[in-house]
Amino acid sequence: MSDPSTSPARPGEGTRAVHAGLPEPSPDAPPMPGPVLTAHYHLPGDPADAAYTYGRDGNPTWTALETAVAALESPDEPAEATVFASGMAAISAVLLSHVRPGGTVVLPNDGYNLLNPLSERLTELGATVRAVPTGTARQREAIEGADLVWLETPANPGLDVCDIRVLADTAHREGALVAVDNTLATPLGQRPLELGADFSVASGTKALSGHGDVLLGYVVCRDAALTESVRRWRKLVGAIPGPMEAWLAHRSLATLHLRTERQQRNALVLAEELRGWPEVRDVRYPGLPDDPAHELAARQMRGFGCVLSFTLPDRAFAERLLAATRVVEEATSFGGVRSTAERRGRWGGDDVPEGFVRMSVGVEDAADLVADLRQARAAAAAAARAG
Ligand SMILES: *Cc1c(COP(=O)(O)O)cnc(C)c1O
């Protein structure tokens, strides 16, 4: 038992999430300053001496969020975060600022669906793209001679997991940089920089902000030159978040540990429920003890996330089931407080069966979610029988 009279070397994750990036308490000041809405700053004299000059280059509301995100992604070593207008802005900043004509980049072929069109763009720019499945021997083999290795783990929507440490070591021996899309896990669930990655990149639109009301992205690096490269890209393309969005995301961080704890608990309950249904196959959730990804996930993750996937017999069954849910809403995106699900095949960008459903589990009561899925299943089965 720890002695409560002595403070621990580092506060717990919840305490750090609550206080991350906030100013020291001072009389008459708000505990969390409001969003700074400005396009420019009073700027006498030499701009080199100024902390803030112009709104595209910096904003105190971003700085507070960047401090918070960096503290959560890299609690033990200094790191810097750069916030972006969206996850795609963050991903593009890393890929487009580092991939050169003649260079080679390794991408997952089962990752976020915009990686495919982005890889076409990289090819047009003269780079070689090797697209490989997450967590396979091919992924490791593809690293030979590469300049940049992109990992997404767990991969979305298939939920396969790869070993960040092993792949980062392999990549670094080849002189390649390593970026990890940490969207699904969040910094509380996984810390890619500690596992050897050079960039931890994420969409803050999902679990990080968690309320489905903000688009945001970030990149975190320990190497100052790498931070400089993505900051420069952000300035050149102007992919900056609004102060209000940055503020909302920062405010939401205080409940990240509560939300993810509850969401993960609910996700496990639903994964276990769904695998008991005869019409469901291939339930995937890294938190299921016999999931193919579980052993590795348990080693490198601190939580298993709120996303699960499963396959229904066909498109019609999946559509009927999703139309019949009342608590679970049919929507894309994930990580929010409200449970959502969708048939991924409707977008055409993922290599998944027609009956494949991705579900994001929210913070509702687990019993209500189970009851909702059961009544939707009965409705879908009745409709199927009626033809
Ligand atoms: C949603 C998502 C993105 C893109 O983020 P946006 O904020 O929507 O631009 C990137 N990677 C993963 C894994 C995502 O889920």
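From a predicted model like this one, the values you see are computed outputs, not experimental measurements. (Residues numbered from 1 in each chain as written. Predicted model: local features only at pLDDT ≥ 70, side-chain atom pairs only at ≥ 80, totals over all residues. Heavy atoms only, no water.)

Undergrad: Just to check I follow, could you spell out the sheet that holds strand E9 (residues 307–311) for this structure?
TA: Think of a sheet as strands paired side by side through backbone hydrogen bonds, with each pair either parallel or antiparallel. One open sheet accounts for 5 strands, arranged E8-E9-E12-E11-E10; its pairing is mixed. Of all the strands in the sheet, just strand E8 (281–284) and strand E10 (329–330) have a single pairing partner and so form its edges. Each of E10, strand E11 (340–343) and strand E12 (356–360) is contacted by helix H12 (residues 315–324), which is oriented at about 155° to E11, the strand it contacts most. (Pairing = 2+ DSSP bridges. Helix = DSSP H or I, 4+ residues; strand = E, 2+ residues; numbered from the N terminus. Contact = heavy atoms within 4.5 Å. Axes fitted to C-alpha atoms, helices over the stretch in contact; angles between N-to-C directions.)

Undergrad: Explanation requested: the sheet that holds strand E7 (residues 217–221) in the structure shown.
TA: In spatial order, the strands read E1-E7-E6-E5-E4-E2-E3; together these 7 strands make up an open sheet with mixed pairing. Both outer strands of the open sheet, strand E1 (80–84) and strand E3 (128–132), are each paired with one neighbouring strand and no more. Direction aside, neighbouring strands of the sheet carry axes that sit 20° apart on average. In this sheet, strand E6 (residues 199–203) lies alongside strand E5 (residues 177–181) in parallel orientation, the contact comprising 3 bridges. Residue pairing in the sheet places Asp181 in a bridge with Val201 of E6. Across the sheet, helix H4 (residues 115–124) touches strand E2 (104–108), E3 and strand E4 (148–152), and the angle it forms with E2 is around 170°. Sitting on the sheet, helix H6 (residues 164–173) is in contact with E4 and E5, with an inclination near 155° to E5.

Undergrad: Just checking my understanding: could you explain the packing of aromatic side chains for this structure?
TA: In this description, a pair of aromatic rings is defined by centroid distance and the angle of the planes. With the rule as written, the count across this model stands at 1 aromatic pair. Consider the rings of Tyr41 and Tyr52, whose centres lie 5.4 Å apart with planes at 35°: the pair is tilted. Within this pair, whereas Tyr41 is found in the loop between helix H1 (13–19) and helix H2 (60–73), its partner Tyr52 is found in the loop between H1 and H2, the two being separated by 11 residues in sequence. (Phe/Tyr/Trp six-rings, centres within 6.5 Å; stacked < 30°, edge-to-face > 60°.)

Undergrad: Teacher, can you tell me more about the packing of helix H3 (residues 87–98) against helix H8 (residues 224–237) here?
TA: The relative placement of two packed helices is expressed as an angle between their axes plus a distance between the axes. Here H3 crosses H8 at 105°, and the two axes come no closer than 9 Å. In terms of axis orientation, H3 runs roughly perpendicular to H8. Where H3 approaches H8, its residues Ser92, Ala93, Val94, Leu96, Ser97 and His98 are matched on the opposing element by Leu226, Ser229, Val230 and Trp233. Here the residues of the contact of H3 with H8 are counted per class, giving 6 nonpolar, 4 polar and no charged. (Parallel < 35°, antiparallel > 145°, perpendicular 65-115°, else oblique. Nonpolar A, V, L, I, M, F, W, Y, C, P; charged D, E, K, R; others polar.)

Undergrad: Could you clarify how one ought to interpret the UniProt feature "modified residue: N6-(pyridoxal phosphate)lysine" (unreviewed entry) in the chain in this entry?
TA: Under the UniProt annotation, "modified residue: N6-(pyridoxal phosphate)lysine" (unreviewed entry) lies at Lys206. Accessibility expressed as a relative area gives 10% for Lys206, which makes it buried. Beyond its immediate sequence surroundings of up to four residues, Lys206 is in contact with Tyr112, Thr183, Ser333, Phe334 and Gly335. (UniProt positions renumbered as here; feature names shortened; annotations may be inferred. Buried < 20%, exposed > 50% of the residue type's maximum accessible area, 1.4 Å probe, protein only.)

Undergrad: Just to check I follow, could you spell out the site of the ligand for this structure?
TA: The full set close to the ligand counts 14 residues, and Gly87, Asp181, Ser203, Thr205 and Lys206 are the nearest of them. Between the ligand and Asn156, the relevant distance is 3.3 Å, taken from an oxygen atom to a side-chain nitrogen or oxygen of the residue. Between the ligand and Asp181, the relevant distance is 2.7 Å, taken from a nitrogen atom to a side-chain nitrogen or oxygen of the residue. Protein chains bury 94% of the 380 Å² of accessible surface belonging to the ligand in isolation. Considered class by class, the residues forming the shell around the ligand number 5 nonpolar, 6 polar and 3 charged. (Near = heavy atom within 4 Å. Polar contact = N/O pair within 3.5 Å; in protein donor to acceptor, adjacent residues only side chain to side chain. Areas by Shrake-Rupley, 256 points an atom, 1.4 Å probe, with all protein chains shown as cover.)

Undergrad: What is the right way to look at the domain arrangement of the chain in this model?
TA: Interface size, as often reported, equals the accessible area lost upon joining of the parts. On domain assignment, one finds that the chain holds domain 1 (59–254) and domain 2 (255–386). On the side of domain 2, 32 residues touch domain 1, which itself brings 33 residues to the contact. In total, about 2,700 Å² of surface goes out of reach between domain 1 and domain 2, with carbon and sulfur atoms giving 56% of it. The three residues of domain 1 that bury the most area against domain 2 are Pro157, Leu159 and Leu188, which together make up 22% of that side's buried surface. Taken together, the connections running from domain 1 to domain 2 amount to 2 salt bridges. Ionic pairing is found between Asp160 and Arg284, a salt bridge with its closest N-O pair at 3.1 Å. (Domains from an automatic or database assignment. Buried area = accessible area lost by both parts, 1.4 Å probe. Salt bridge = Lys/Arg side-chain N within 4 Å of Asp/Glu carboxyl O.)

Undergrad: Honestly, the pattern of salt bridges in this entry has me stumped. Any pointers?
TA: For side chains of opposite charge, pairing can occur when their charged atoms come near one another. Counting across every chain of the model gives 28 salt bridges. Between Arg299 and Asp163 there is a salt bridge; the shortest N-O distance is 3.5 Å. Taken together, the residues span a long stretch of sequence, with Arg299 in helix H11 (residues 294–300) and Asp163 in the loop between E4 and H6 at a distance of 136 residues. Using a relative accessible area of 58% as the deciding quantity, one classes Arg299 as exposed. Glu330 serves as the salt-bridge partner of Arg346, at 3.8 Å between the closest nitrogen and oxygen. On the criterion of sequence distance, the pair formed by Arg346 in the loop between E11 and E12 and Glu330 in strand E10 is long-range, its members being 16 residues apart. Residue Glu330 is classed as partly exposed on the basis of its relative accessible area, which comes to 42%. Via salt bridges that share partners, Glu330, Glu342, Arg344, Arg346, Asp350 and Arg358 belong to a single interconnected network.

Undergrad: Help me understand the pairing of E3 in this model?
TA: Consecutive side chains of a regular strand alternate in pointing toward one face of the sheet and then the other. Bridge count between E2 and E3: 5 bridges; the pairing is parallel. Its bridge partner lying in E3, Thr104 is registered against Thr128. Between E2 and its parallel partner E3, the chain crosses via H4, and the hand of that crossover is right-handed. (Right-handed = clockwise from strand over helix to strand, strands pointing away.)

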